[in-house]
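Geometric and topological summary
Listed below are the residues making up each chain.
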Amino acid sequence: MNRLLIKKISLLTLICFFSLLLADAYPLAAGQADDGLALIAKGEADYGNGLYPDALAAFNQALPMVQKNDDRERLLLDISLVHYALKDNDSCREALRTLLQANPERQIDMRKLPDGFVQLYGQVNWQVQEAKAERIQQEERNRAAAASGAFEKSQ
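For clarity, every value in this text was computed on a predicted model and none was experimentally measured. (Residues numbered from 1 in each chain as written. Predicted model: local features only at pLDDT ≥ 70, side-chain atom pairs only at ≥ 80, totals over all residues. Heavy atoms only, no water.)

Further remarks concern the overall build of the chain. A tally of regular secondary structure across the chain gives five helices and zero strands. Going from the N terminus to the C terminus, the chain shows its helices and strands as α-α-α-α-α. Across the 155 residues that make up the chain, the buried fraction comes to 22%. Considering only contacts within the chain whose residues lie at least 6 apart along the sequence, 56% involve residues at least 24 apart. Looking at the chain as shown, the accessible area adds up to about 11100 Å², and 57% of this sits on carbon and sulfur atoms. (Helix = DSSP H or I, 4+ residues; strand = E, 2+ residues; numbered from the N terminus. Buried < 20%, exposed > 50% of the residue type's maximum accessible area, 1.4 Å probe, protein only. Contact = heavy atoms within 4.5 Å. Areas by Shrake-Rupley, 256 points an atom, 1.4 Å probe, with all protein chains shown as cover.)

Right, let's get into helix α3 (residues 69-85). For α3, which comprises 17 residues, the first-to-last C-alpha distance of 24 Å matches the rise-based estimate of 24 Å (1.5 Å per residue) to within 8%. By the burial criterion, the buried members of α3 are D71, E73, L75, L76, L77, D78, I79, S80, L81, V82 and H83. Directly beyond the C-terminal end of α3, a positive phi value near 65° is found at K87. (Expected span 1.5 Å × (residues − 1).)

Looking now at helix α2 (residues 52-62). For α2, every residue scored as buried is listed here: A55, L56, A58, F59 and A62. All buried residues of α2 project into a common sector of 165° when viewed along the axis, lining one side. (Arc of directions from axis to C-beta.)

Looking at the secondary structure, you find D78 in helix α3. No salt bridge is formed by the buried D78, whose closest oppositely charged neighbour, R74, lies at an N-O distance of 4.3 Å. Setting aside anything within four residues of it in sequence, one finds D78 in contact with I40, E44 and F59. (Lys, Arg positive; Asp, Glu negative; His and termini not counted. Salt bridge = Lys/Arg side-chain N within 4 Å of Asp/Glu carboxyl O.)

Looking now at the nonpolar core. Membership of the largest hydrophobic core comes to 14 residues, with the highest contact counts inside it found for L77, L96, L99, I108 and F117. Broken down by secondary-structure element, the contributors of at least two residues to this core are α3, α4 (89-102) and α5 (115-154). Looking at this core element by element, the count peaks at five residues for α5. Residues within four places of L77 in sequence aside, it is in contact with L99, I108 and F117. Counting residues in each nonpolar core, the second largest holds eleven residues, with A55, L56, L75 and I79 among its members. (Core = buried A, V, L, I, M, F, W, Y, C linked by side-chain atoms within 4.5 Å.)

Once that is clear, we can look at the packing of α3 against α4. In a packed pair of helices, the relevant descriptors are the angle between the two axes and the axis-to-axis distance. For the pair α3 and α4, the least separation of the axes is 8 Å and the interaxial angle reads 165°. Regarding the angle of α3 to α4, the classification is roughly antiparallel. For the element pair α3 and α4, the recorded crossing hand is left-handed. Taken together, the residues of α4 that come into contact with α3 (itself represented by E73, L76, L77, I79, S80, H83 and Y84) are N89, S91, C92, A95, L96, T98 and L99. (Axes fitted to C-alpha atoms, helices over the stretch in contact; angles between N-to-C directions. Parallel < 35°, antiparallel > 145°, perpendicular 65-115°, else oblique. Left-handed = near helix turned anticlockwise from the far one by under 90°.)

Looking now at the packing of aromatic side chains. Under the defined criterion, the tally for this structure stands at two aromatic pairs. Seen from their ring centres, Y47 and Y52 are 5.4 Å apart, and the 55° between their planes marks the pair as tilted. By relative accessible area, which is 26% here, Y52 ends up partly exposed. Ring geometry for Y84 and F117: centres 5.8 Å apart, planes at 70°, overall edge-to-face. On the criterion of sequence distance, the pair formed by Y84 in helix α3 and F117 in helix α5 is long-range, its members being 33 residues apart. With relative accessibility at 23%, the residue Y84 sits in the partly exposed group. Here F117 falls in the buried class, since its relative accessible area comes to 0%. (Phe/Tyr/Trp six-rings, centres within 6.5 Å; stacked < 30°, edge-to-face > 60°.)

If you want it as structure tokens, here you go:
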């Protein structure tokens, strides 16, 4: 009788623990997203004031917290702009490549961006599109080779 009571209490304790854990997880994720947006706003303010290293630090802090696609794309664009302002073109290209791979159809208003940045964006966009086209061609060649190999085996 005593063992059965201990098992029931243990099971009830585990159920309560996991339900509390699940109930606490959602507000934590929502809080992290809000913190990420606050860090983006801080980074944008720092960028506007010319504090590029501070802006980059805020954006990098926000990166793991922001999961929503639109906010993440905005953050990647902001990171690339900061790298461009810091004259780190390689890091700028890498951030742009990540942005374009996440959503190649995204339209960005280029009128508000510096001319050199727009040129870098165009170069990276072209490279990403070329890589995508090459990957598609390679997949088609692989499928054609597999199909012809299957055809030759059947004869």
